[in-house]
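Residue-level structural notes
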Amino acid sequence: MDIIERFIEHPNLEKKEYTALLKASEEPLAAARLAEEAVRLRKKYYGDAVYVRGLIEFTNYCKNNCLYCGIRRGNPEAQRYRLTEEEILSCCESGHRLGYQTFVLQGGEDPWYTDERMERIIRAVKERYPGCAVTLSIGERSYESYRRLREAGADRYLLRHETASDAHYRKLHPPEMSLSYRKQCLYNLKELGYQAGAGFMVGTPGQTYDELAEDLLFLRELKPQMAGIGPFVPHHSTPFKNEPAGSVELTLRLLSIVRILLPGILLPATTALGTLDPLGREKGFAAGANVLMPNLSPMGRRKQYDLYDNKLCTGDEAAESLAELKKRVSAAGWRLSMERGDAAEEPEDKR
Ligand code: SAH
């Protein structure tokens, strides 16, 4: 039996077999077979629903200097901003009026937002919108900090591991950052009862199938409730400005593979996918994705949260264009759902 069918039947392979699987999936028929199985599983767990999350990018200050990222500390061209508590609440207010039930508060690693300030913000959002889920995406913090924010009411946390290969991690990050600490953060988040989201970029400079195989092994071990998987896109004022973007096709194959590996997982069709290909998000759904994260940040700030070049920020991905989005999702054969969309109970079973 070939590696594709073997994986579909028994997704727990060894590292070198995942490498072979990625190689074999270059064949369009193989990729289609993976997508078919991924769609079967996503329907089994989530029906035809595509869940939406309102993304509020509330600060682009960052103390880190990741080589790929446009809001890295070392980019003097970035125009920095911070949203006040009132501004954040007013984003939630517009989102809530549109029917959003999840708010994702994302930012650079900005020490201005101390635990006290974050607790206040989380409590204020939860008090006004008790039925809504609050997702944080504010990087690495201590166990104690995660504990306090969870206690204040945060439900979910997105922290992509970026790459699970130590050697590759070091090529993407400055020496003061470490993969082991980032992984530990993810285990801490899970232990504290967050629905945790890991994830990685596809096609970062020099990335190999072997390294992507490590991402698959890590996801299998961590069993996160969510995973953000998007192509690398260069930013003009980072050290990676002349590097090619990641491949849309490879990203789609990885979405299918991760869906098969962890069938109950929530997988966004990412903004980066939509940036590289106008139909990227539709292709993402056809490969096994089931989440969209439209932008709810104040209109005037969207351009400033500039992670990579040409990041979508004014079209259909905008949270206000819900009617447009609904149409696009329906046209692709899915149903935009305004439910909270928590992760399925058993992220692994019921194959
Ligand atoms: N500070 C938070 C949020 C980071 S921004 C944290 O550390 O988790 C959210 C994600 O954008 C990152 O996790 C990274 O995977 C992605 N990203 C950053 N720069 C990118 C680029 N040039 N191309 C594609 N994705 C990028």
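Up top you'll find the structure we're talking about.
What comes next is a walk through the structure.

**Some words on the site of the ligand**
- Surrounding the ligand, one finds 18 residues, the nearest of these being Tyr68, Gly107, Arg160, Glu162 and Val233.
- Taken together, the residues of the shell around the ligand break down into ten nonpolar, five polar and three charged.

**Examining the packing of aromatic side chains**
- Scanning the entire structure with this criterion turns up ten aromatic pairs.
- Taken together, a centroid distance of 6.3 Å and an interplanar angle of 80 degrees make the contact between Phe7 and Tyr18 edge-to-face. Of this pair, Phe7 sits in helix H1 (residues 3-9) while Tyr18 is found in helix H2 (residues 15-24), placing the two residues eleven residues apart along the sequence. Side by side, Phe7 and Tyr18 carry an identical accessibility label, which is buried.
- Taking the centre distance of 6.3 Å and the plane angle of 85 degrees together, the rings of Tyr187 and Phe218 count as edge-to-face.

**Things to note about the sheet that holds strand S6 (residues 195-202)**
- If you trace the six strands from one edge of the open sheet to the other, you get S2-S3-S4-S5-S6-S7, paired in parallel fashion. Single-partner strands in this sheet number two, and they are strand S2 (54-59) and strand S7 (226-231). The sheet shows a mean angle of 20 degrees between the axes of neighbouring strands, taken without regard to direction.
- One ladder, built from three bridges, connects strand S5 (residues 156-158) with S6; its direction is parallel. Bridge assignment links Arg156 to a residue of S6, and that residue is Gln195.

Cut-off values and rules
Residues numbered from 1 in each chain as written. Predicted model: local features only at pLDDT ≥ 70, side-chain atom pairs only at ≥ 80, totals over all residues. Heavy atoms only, no water. Near = heavy atom within 4 Å. Nonpolar A, V, L, I, M, F, W, Y, C, P; charged D, E, K, R; others polar. Phe/Tyr/Trp six-rings, centres within 6.5 Å; stacked < 30°, edge-to-face > 60°. Helix = DSSP H or I, 4+ residues; strand = E, 2+ residues; numbered from the N terminus. Buried < 20%, exposed > 50% of the residue type's maximum accessible area, 1.4 Å probe, protein only. Pairing = 2+ DSSP bridges. Axes fitted to C-alpha atoms, helices over the stretch in contact; angles between N-to-C directions.

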